[in-house]
Amino acid sequence: MIMKRLFGSDAMALWFLACLLVVTVLVGVLNLATPADSALHVPTYLVALLGKYLCYAILALSIDLVWGYVGILSLGHGAFFALGGYAMGMYLMRQIGPRGVYGDPVLPDFMVFLNWKELPWYWLGFDNFLFAMVMVALVPGILAFVFGYLAFRSRVTGVYLSIITQAMTYALLLAFFRNDMGFGGNNGLTDFKDLLGFNLQTDGMRVALFAASALALALCYLLCLWITRSRFGKVLIAVRDAESRTRFMGYRVEGYKLAAFTLSAVMAGVAGALYVPQVGIINPGEFAPQNSIEAVVWVAVGGRGTLVGAAVGAIVVNFGKTVFTGVLPELWLFALGGLFVFVTLLMPKGIVGTVPQLLDMMRSRKAQNAGETAKPEAPRPAAE
Amino acid sequence: MQIGDTSAPKPILYVDGVTVTFDGFRALNDLSLVIAPGEMRAIIGPNGAGKTTMMDVITGKTRPDVGTVAFNGDVDLTKLDEAAIAQLGIGRKFQKPTVFESHTVRDNLQLALAGLRKPFTVLFAKETAKERQRIDELLELTKLTESHGRLAGDLSHGQKQWLEIGMLLAQEPALLLVDEPVAGMTDAETAETAELLVEINKTRSVVVVEHDMTFVKALGVKVTVLHEGSVLAEGPLDQVQANERVIEVYLGR
Ligand SMILES: Nc1ncnc2c1ncn2[C@@H]1O[C@H](COP(=O)(O)OP(=O)(O)OP(=O)(O)O)[C@@H](O)[C@H]1O
Ligand SMILES: [Mg+2]
């Protein structure tokens, strides 16, 4: 009943969740339960790589919520992702305890190196997992709320808004590079040992983090699906289509934008928090404006405003990136740029919007070739 | 502020001495206009006379430099934002038809329905039987019943204009501001739209801006002629049409 209400006639949502479940279970089992020399064995590095893709998928989903449904093109979502990552990184640093190179029971190595005598106040509490997880959501959420409040209230839209989101992530990049900020400067936070007392390097933990990422992706997806199909979601689309019409109808557009933007930032923060233990490091490079732009390209490639497309786009493009950078690393940025131009010009609906169309075309051509009379077109899930 | 004769009913819209300048250019120049409750008023005037700017001022989009804009006698509209003014009961139809293209006709009307506007309540809103019934009525009235499931973006130009009027009505406004509703319509559509507005005017006050003289004639209401941001003439259509200055700046072009 609840399932039916959530999904309606949309087969795409079910397909997506089913695929996610199957892949997660398969990868987990094939990593943990098969011997390393078996042909079926999924190596641990691959588990971590897939886990990273899933985190990117959550980031893409969060961007799609604001860009695809409200028309806010944020080119600064990498900042929220990185802040969530730093919050998790701070917890992981404190988990190291006295096992650091300098053996200080409380201070992370980089602080000892900088001759700091005590923990700065903003590091307090991060030894507590729950507190750290609250911060993972709260820090990006509050930044997005304040930023969004100011920007939306002043009715900054379109290109101008995109530019100031870029400025925001760039400013954070510069700030986090500074050693006296207390976040490890250039090197960031790394050399993590455990999470909740479990060694991060074990296969079991790798699979657990991968599964947690898959679960987070599924939950974020369901949340976005529910929101975008509620009347609130219809208002978001209305804002995207005709903002002033929505205003003259009596909706206070700023509030809707702010709610969506803040929620989206929290999701990006969660993605960052899951990402950090899987890649083993967080440094200021995650704030690079280029990262945020890349994430927007994933959404465009997968299909803006479709949710599933965002996740698919993130996974496909990053898979491409992994393969491509292995062969021709210098050319990746050109390839990405080319892909973006190609998709914008030839596949404005992205993979998720275009592939079903192509399949339909092929099917009807086949039917014609076989000399059959034209059949009514099969109903196909709408790529909203 | 003294609003006319105290024994007369409070005007639904009272505009007095309003001036709006854009970079030194006076789009509205000491404009005054009074609309009585239940009245329908047609506003005509050459391009750039300030008709749309006047609507912008009434609906909170543009703030006047000086002047009074009051709704229902005592609500100062110059202090409120668009959303607040809309919630007070002023609906506005744009010059260029503006509907939510990627929503169905039905959803367009649903979003317009008076009532829920706060994000949190809207998130949990379910369509009530009453809402459904009102939507059905509006579909009927705007002749869109057949098209209720179509995307608004797929409608014809005339249908979009009607859908937008339907959306306005869904807001249950006391005062409707309608900017050039028949631009780009066929003659038959124009006549039907005049009938629709007359029908609407039975329960609501209406201010309609239009260039189409046949349409204004069909409405058969008092006419205000705007020119260079202020009122040039006011009265029944034939009287206004006979006015020499009106002929000079507008009709006789
Ligand atoms: N935001 C703005 N900035 C600068 N000038 C403006 C602005 N809005 C309107 N104007 C100018 O004010 C004048 C009045 O414009 P307005 O749109 O109100 O005219 P109108 O009577 O609605 O004309 P039309 O019949 O063409 O719709 C025009 O000269 C227009 O160029
Ligand atoms: Mg105009």
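Above this note sits the structure.
Only a predicted model underlies this, so the values are computations on that prediction, with no experimental measurement involved.

Enquirer: Give me the overall build of chain B: which residues, what numbers.
Expert: For chain B, the count of helices and strands is 10 helices and 10 strands. Rg of the C-alpha trace for chain B: 18 Å, near the compact-globule value of 18 Å for 253 residues, within the 12% margin. Once the C-alpha set of chain B is aligned to its principal axes, its extents read approximately 55 × 40 × 40 Å. Counting every position in chain B, which comprises 253 residues, the buried fraction comes to 53%. For chain B, long-range pairs separated by at least 24 residues make up 67% of all intrachain contacts whose partners lie at least 6 apart in sequence. Element-wise, carbon and sulfur atoms account for 52% of the exposed surface of chain B, whose accessible area totals about 11,300 Å². For chain B, the separation between the mean place of its 26 positive charges and that of its 36 negative charges on side chains is 4 Å.

Enquirer: How would you explain the interface of chain B and chain A if you had to name every residue and give the values?
Expert: Taken together, the 38 residues of chain B in the interface contact 25 residues of chain A. Taken over both partners, the interface formed by chain B and chain A buries close to 2,700 Å², and the fraction arising from carbon and sulfur atoms is 60%. It is B:Glu82, B:Phe100 and B:Leu123 that lose the most area in chain B upon contact with chain A, and together they represent 22% of the buried surface on that side. The tally of links between chain B and chain A comes to 5 salt bridges. Close ionic contact of A:Arg245 with B:Glu164 constitutes a salt bridge, the shortest N to O distance being 2.2 Å. For the interface between chain B and chain A, the tally reads 17 residue pairs in polar contact (both at pLDDT 80 or more). Taken together, the residues that form the side of chain B that touches chain A break down as 17 nonpolar, 8 polar and 13 charged.

Enquirer: Tell me about the coordination of the magnesium ion (ligand 2), and name the residues and values.
Expert: Residues and elements named next belong to chain B. At this site the magnesium ion (ligand 2) is bound by Thr 52 (OG1) and Gln 95 (OE1), with donor distances of 1.9 to 2.3 Å. With Thr 52 in helix H1 (residues 51-58) and Gln 95 in the loop between strand E6 (90-93) and helix H3 (105-112), this residue pair connects regions lying 43 residues apart in the sequence. Note on Thr 52: relative accessible area 28%, which makes it partly exposed. Gln 95 gets classed as partly exposed once you look at its relative accessible area, which sits at 37%.

Enquirer: Kindly report on the environment of B:Arg106, identifying the contributing residues and their values.
Expert: If you trace the backbone, B:Arg106 turns up in helix H3. Setting aside residues up to four positions removed in sequence, B:Arg106 forms contacts with B:Arg132, B:Ile135, B:Asp136, B:Leu139 and B:His148.

Thresholds, definitions, all that
- Counting of residues starts from 1 at the beginning of each chain's written sequence and follows it residue by residue.
- As they are written, the chains are lettered A onward and the ligands numbered 1 onward, keeping that order.
- Only residues with pLDDT of at least 70 are given local features in this predicted model, and only at 80 or more are side-chain atom pairs given and counted; all residues enter the totals for whole chains, interfaces and linings.
- The side-chain numbers reported here are obtained from all heavy atoms of the structure, hydrogens and water having been left aside.
- Each helix is a run of DSSP H or I of at least 4 residues and each strand a run of E of at least 2, with the numbering of both proceeding from the N terminus.
- The globule rule used for comparison is 2.2 Å times the number of residues to the exponent 0.38, while the radius of gyration itself is calculated over C-alpha atoms.
- Using a 1.4 Å probe on the protein chains alone, a residue whose accessible area is under 20% of its type maximum counts as buried, one over 50% counts as exposed, and one in between counts as partly exposed.
- What makes two residues a contact is simply this: any of their non-hydrogen atoms within 4.5 Å.
- Note on areas: Shrake-Rupley, 1.4 Å probe, and residue coverage restricted to the protein chains presented here.
- All tallies of charge rest on Lys and Arg as positive and Asp and Glu as negative; His and the ends of each chain are not included.
- The location of each charge is read from NZ of Lys, CZ of Arg, CG of Asp or CD of Glu.
- We define buried area as the total accessible area lost by two parts upon association, computed with a 1.4 Å probe and summed across both.
- Salt bridges, as used here, are contacts in which a Lys or Arg side-chain nitrogen is within 4 Å of a carboxyl oxygen on Asp or Glu.
- Polar contacts here mean pairs of N or O atoms no more than 3.5 Å apart (in protein, one a potential hydrogen donor and the other a potential acceptor; neighbouring residues in sequence count only if both atoms are side-chain atoms).
- Each residue is assigned to one class: nonpolar for Ala, Val, Leu, Ile, Met, Phe, Trp, Tyr, Cys and Pro, charged for Asp, Glu, Lys and Arg, and polar for all the others, Gly among them.
- Only N, O and S atoms count as donors, using a 2.8 Å limit from the metal and a wider 3.2 Å limit for Na, K and Ca, and since water is excluded some coordination spheres may look unfilled.

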